[in-house]
Amino acid sequence: MAHHGYHISRYLFATSNINLPNFFKKSRWPKVWSKNANWIGYVAVSDDEMSKRLGRRDITIAWRGTVTRLEWIADLMDFLKPISSNKIPCPDPMVKVESGFLDLYTDKDVNCRFCKFSAREQILTEVKKLLELYQDEEISITITGHSLGSALAILSAYDIVETGLNLLNDCRAVPVSVFSFSGPRVGNVRFKERMESLGVKVLRVVNVHDIVPKSPGLFFNENVSPVLMKLAEGLPWSYCHVGFELALDHTHSPFLKQTGDMTCAHNLEAHLHLLDGLVSYAQTIVQHEPALKKIIIKLIGFSFDVVICTCGRYHGKGRRFVLASGRDPALVNKASDFLKDHYLVPPYWRQDENKGMVRNKDGRWMQQERPILDHHHEDTHHHLKQLGQATEHYS
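What you see is a predicted model, and the numbers here were worked out from it, not measured in a lab.

Caption draft 1: Highlighting the overall build of the protein. Each helix and strand counted, the protein has 13 helices and 11 strands in total. Across the 395 residues in the protein, those meeting the buried criterion constitute 50%. Across the protein, every contact between residues at least 6 apart in sequence was considered, and the portion connecting residues at least 24 apart equals 72%. Of the roughly 19,600 Å² that the protein leaves accessible, carbon and sulfur atoms contribute 54%.

In structure tokens:
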């Protein structure tokens with residue numbers, strides 16, 4: 001992260017005791033990680049140079065999703081339950097979220113050194129520590145995630161604002177934004193309304209051919225008439241997306257195959273590739289239509305430099321698809337077979353088991369020993385007590 005102007009301040013781990021995807025039932029690296037826990041993301045903070053460029057100190061929370069496989073959808077708990085049932089504060093008991101996402105966010109295992117604190121507790125304590133450290137500066141909190149990580153990003157954004165963690169001692173409110181990639185629906189209409197009332201800004205980047213953003217809530221969702229949604233409000237399958245949607249279409253890219261493969265449509269690298277191809281056209285549009293810039297900022301509430309790509313929705317038939325940042329299209333094929341064959345990039349070229357290969361002193365490539373991560377930060381429980389979240393196990 002250093003060459004991107006950020007340094008990681010904490011790694012995040014999650015565990016679950018429910019019927020979540022098999023991916024979470026057992027660690028992929030049993031010899032290294034806990035059998036019950038999985039690495040799920042990190043918290044990072046911008047360095048001085050990047051903060052100067054941004055005009056603020058940015059705290060970023062990144063949640064990783066599953067790989068490009070979609071099998072986890074079948075195993076997800078598809079019932080809504082009150083968000084307050086897992087001890088997340090909410091004044092409205094009708095604010096409900098998908099139970100699988102909520103349990104993964106709040107579950108912990110006191111006998112596991114990685115997950116003796118829940119992912120929620122890890123997030124809240126780290127953000128609190130960083131807000132105290134940089135309280136004299138302008139600060140922002142940016143949360144992102146792909147697929148399952150997108151759902152966790154939205155949940156953690158809600159939690160940070162609902163608990164008032166983003167309110168500084170001088171009464172300033174630190175803005176909280178979410179950049180979601182190919183994420184499923186998280187909660188019901190009341191959850192959406194509560195998020196909006198709290199001022200959390202959400203930009204959802206989706207591929208129109210991806211089925212994940214269309215679930216759960218296949219029958220009762222934001223596309224149904226308000227009258228019918230009102231009648232279905234109490235049902236455990238009535239969902240609603242939050243935030244502003246940026247719809248992408250992989251058929252607009254001359255680099256990608258015209259395929260119906262669902263894993264390709266869900267691929268994160270493909271989403272980033274499509275964003276890259278839309279930015280140049282967006283810049284041209286705004287250059288000729290300055291009023292559009294003000295409209296976008298008003299509608300979304302994000303920094304325009306970050307969301308200029310939202311103009312990509314105007315990238316219609318006949319528009320040129322130009323890669324603006326020089327992002328290598330070969331990245332699309334890291335975990336898929338999505339690039340057209342004549343680009344000569346092998347499919348699925350990244351192998352997880354080979355990740356971390358290094359050259360030793362003899363010039364030979366080998367897989368280095370992974371560092372053994374120890375317990376959570378010593379001040380975690382201290383910050384939990386300050387937040388009023390301390391449990392009987394650590395009091």
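Caption draft 2: Looking closely at helix α6 (residues 148–162). In this model α6 runs 21 Å from its N-terminal to its C-terminal C-alpha over 15 residues, within 8% of the 21 Å that 1.5 Å per residue would give. Burial of α6 is extensive: 15 of the 15 residues sit out of reach of the surface. Of the residues trailing α6, Gly164 is marked for its positive phi of about 75°.

Caption draft 3: Quick look at the environment of Leu256. You can see Leu256 is positioned in the loop between β9 (244–248) and α9 (262–266). Taking the C-alpha atoms as reference points, Leu256 and Asn333, 77 residues apart in sequence, are found 10.0 Å from one another. Look past the residues within four positions of Leu256 in its chain and what remains in contact with it is His250, His273, Leu274, Val332, Phe338, Leu339 and Lys340.

Caption draft 4: Broad picture of the pairing of strand β8 (residues 201–207). A large share of β8 lies buried, amounting to six of its seven residues. Here strand β7 (residues 176–181) pairs with β8 via five bridges, running parallel. Bridge pairing in β8 places Phe181 opposite Val205. Taken together, β7, helix α7 (residues 189–198) and β8 form a β-α-β motif whose crossover is right-handed.

Caption draft 5: Quick look at a nonpolar patch on the surface. Taken together, the side chains of Met1, Ile8 and Tyr11 define a hydrophobic patch exposed on the protein surface, amounting to about 230 Å² of accessible area. Position of Ile8 among the secondary structure elements: in strand β1 (residues 6–14).

Caption draft 6: View of the nonpolar core. Membership of the largest hydrophobic core comes to 48 residues, with the highest contact counts inside it found for Ile61, Trp63, Ile83, Ile141, Ile143, Ile160 and Phe191. With 10 residues, α6 is the largest single contributor of residues to this core. In contact with Ile160, other than residues within four places in its own chain, are Ile61, Ile123, Leu124, Val127, Ile141, Ile143, Leu165, Asn166 and Val176.

Caption draft 7: Summary view of unusual backbone geometry. With an omega of -15°, the peptide bond running from Ser215 to Pro216 counts as cis. Tracing the backbone through its elements, the reader meets Pro216 in the loop between β8 and α8 (226–231). At Leu344, a position not held by glycine, the phi torsion is positive, near 60°. Mapped onto the elements of the fold, Leu344 is located in the loop between α12 (304–307) and β10 (357–359). Its relative accessible area of 74% is what places Leu344 among the exposed residues. At Tyr348, a position not held by glycine, the phi torsion is positive, near 50°.

Rules used in this analysis
Throughout, residues of each chain are indexed from 1 in the direction in which the sequence is written. Restriction of local features to residues with pLDDT of at least 70 applies here, the model being predicted, together with a cutoff of 80 or more for giving and counting side-chain atom pairs; totals for whole chains, interfaces and linings are based on all residues. Only hydrogens and water are removed before side-chain values are computed, so all heavy atoms of the structure are retained for them. Elements are defined by DSSP. Helices are runs of H or I of four residues or more, strands are runs of E of two residues or more, and each kind is numbered from the N terminus. Relative accessibility thresholds used throughout: buried, under 20% of the residue-type maximum; exposed, over 50%; partly exposed, between the two (1.4 Å probe, protein chains only). Here, two residues are considered to be in contact whenever any of their heavy atoms come within 4.5 Å of each other. Only the protein chains shown count as cover for residues, with accessible areas throughout obtained via the Shrake-Rupley method and a probe of 1.4 Å. In this analysis, the expected span of each helix is defined as 1.5 Å times one less than the number of residues it contains. Here, strands pair whenever DSSP counts at least two bridges between them. By the criterion used throughout, a crossover qualifies as right-handed when its path from the first strand across the helix to the second strand runs clockwise, the strands pointing away from the viewer. Residues forming no salt bridge and having over 30% relative accessible area are the ones grouped into patches, like charges within 9 Å of each other and nonpolar side chains (Val, Leu, Ile, Met, Phe, Trp, Tyr) within 5 Å. We define a salt bridge as a side-chain nitrogen of Lys or Arg found within 4 Å of a carboxyl oxygen belonging to Asp or Glu. Residues belong to one nonpolar core when they are buried, are Ala, Val, Leu, Ile, Met, Phe, Trp, Tyr or Cys, and are joined through side-chain atoms within 4.5 Å.

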